Amino acid sequence: MLEKARERLIFALDVDSAEEAELLVRMLAPEVGVFKLGLELFVSQGPQMVERLRRAGANAIFLDLKLHDIPATMRAAAKAAARMGVDLLTCHCDQVGIFDGLDLGRTRLLGVTVLTSLGTEDLLAMGYPEELSDPARLVEKRARLAIDAGCAGVVASGHEAAAMRELLGPEALVVCPGIRLGGGEDNPDDQKRIMTPQRAIAAGASHIVVGRPIRKAEDPVAAARKIVEGIAQGLA
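How each quantity is defined
- Residues numbered from 1 in each chain as written.
- Predicted model: local features only at pLDDT ≥ 70, side-chain atom pairs only at ≥ 80, totals over all residues.
- Heavy atoms only, no water.
- Core = buried A, V, L, I, M, F, W, Y, C linked by side-chain atoms within 4.5 Å.
- Buried < 20%, exposed > 50% of the residue type's maximum accessible area, 1.4 Å probe, protein only.
- Helix = DSSP H or I, 4+ residues; strand = E, 2+ residues; numbered from the N terminus.
- Contact = heavy atoms within 4.5 Å.
- Pairing = 2+ DSSP bridges.
- Axes fitted to C-alpha atoms, helices over the stretch in contact; angles between N-to-C directions.
- Salt bridge = Lys/Arg side-chain N within 4 Å of Asp/Glu carboxyl O.
- Arc of directions from axis to C-beta.
- Phe/Tyr/Trp six-rings, centres within 6.5 Å; stacked < 30°, edge-to-face > 60°.

*Asks:* Hey, could you run me through the nonpolar core in this one?
*Replies:* Across soluble globular proteins, nonpolar side chains have a tendency to be buried as a group. Judged by nonpolar contacts, the single largest core of 71 residues is most densely connected at L9, F99 and I208. Per-element accounting of this core gives the leading share, seven residues, to helix α11 (residues 220–235). Ignoring sequence-local partners within four residues, the contact set of I208 consists of R8, L9, I10, C176, I179, P197, A200, I201, I227 and I231. Grouped together as the second largest cluster of nonpolar side chains are 11 residues, A12, F62, L88 and V209 included.

Set out below in structure tokens:
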């Protein structure tokens, strides 16, 4: 059960130094299934960072670039990412069939629904109508678009995991960021829609994304193990 749980843990490498990222991968590779390479590290270090993470011991790599552009550019960018051999890639989807017929090999696309830093007040301020100011409603609408665009799954908060699982079926990937261990020691900072590892997995998440609770822990390895235990409890 713990091995299955490890495969579902994605660790966010939200650092700007290649050396720090490689150190974290070497330290956490036995405890983590997937390492997430986000905008900060990708922009500061470039595409070669994918191979550096792989050499450091990353079993799987999630390239979190949240692609958003015209269809031709998104298709070209997705193919470029696939050539790097990444396992997961994020994009925003607002048009049906963007990726139809596109062979990306092992790379699976995830459609971003609503960022976990956004709540109802934020959506209203951005101009969304009242009926879409509830994040859960907007998540559902965007999830349908993502699947129709050709994505293998979605990124959504744990609060929407159960609805996503029911809507998308058992095979879809439901990746949940905004994961916290609970209690007051890891206040959410810019995250608003948060959930514990156990509850997110039990609700239907296929994977959870964790950054600060591991990276800022006194003992990152122990923190990762604690989260894996929570995932295992959720699976049970």
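*Asks:* Would you mind going over the sheet that holds strand β5 (residues 108–112) with me for this structure?
*Replies:* Adjacent strands of a sheet pair through backbone hydrogen bonds, lying either parallel or antiparallel. Overall, parallel pairing links the eight strands, which are arranged β1-β2-β3-β4-β5-β6-β7-β8 in a closed barrel. Across this sheet, the average inter-strand angle for adjacent strands is 25 degrees, counted without regard to direction. Note: strand β1 (residues 9–12) against strand β2 (residues 34–37), three bridges, orientation parallel. From the neighbouring strand, I10 faces β2, where its bridge partner is V34. Its contacts with the sheet place helix α8 (residues 161–168) against β6 (153–155) and β7 (173–176), and it is angled at close to 170 degrees to β7.

*Asks:* For this particular structure, what's the right way to read the pattern of salt bridges?
*Replies:* Where charged atoms of side chains with opposite charge meet at close range, the side chains can pair. Scanning all chains against the criterion turns up 11 salt bridges. Close ionic contact of R6 with E31 constitutes a salt bridge, the shortest N to O distance being 3.9 Å. With R6 in helix α1 (residues 2–7) and E31 in the loop between α2 (18–28) and β2, the pair connects residues that are 25 residues apart, well separated along the chain. A salt bridge links E140 to R144, with the nearest nitrogen and oxygen atoms 3.2 Å apart. On the criterion of helical spacing, the pair formed by E140 and R144 is a turn pair, its members being four residues apart in helix α7 (residues 135–149). Judged by relative accessible area, E140 falls into the partly exposed class, the value being 36%. On the basis of relative accessible area, R144 is assigned to the partly exposed category, the value being 44%.

*Asks:* What exactly am I supposed to notice about α8 here?
*Replies:* In an α-helix, one turn spans 3.6 residues; hence positions three or four apart end up facing the same way. Inspection of α8 places A161, M164, R165 and L168 among the buried residues, and these make up the whole buried set. Buried residues along α8 cover an arc of 100 degrees about the axis, so they all sit on one side. Looking at the buried side of α8, the elements it contacts are α7, β6, β7 and α9 (197–203). Downstream of α8 by a residue or two, G169 has a phi angle that is positive, lying close to 90 degrees.

*Asks:* I tried to follow the environment of P30 on my own but got confused; where do I start?
*Replies:* Positionally, P30 belongs in the loop between α2 and β2. Its relative accessible area of 54% is what places P30 among the exposed residues. With 48 residues separating them in the primary sequence, P30 and A78 have C-alpha atoms 29 Å apart.

*Asks:* Would you take a moment to explain the packing of aromatic side chains for this structure?
*Replies:* Ring pairs (aromatic) are described by centroid distance and by the angle formed between their planes. Here the structure, examined in full by the defined rule, presents one aromatic pair. Here F11 and F35 contribute two aromatic rings whose centre-to-centre distance is 6.3 Å and whose plane-to-plane angle is 90 degrees, an arrangement assigned as edge-to-face. Note that F11 is positioned in strand β1 and F35 in strand β2, a separation of 24 residues in sequence. The burial state of F11 is the same as that of F35; both residues are buried.

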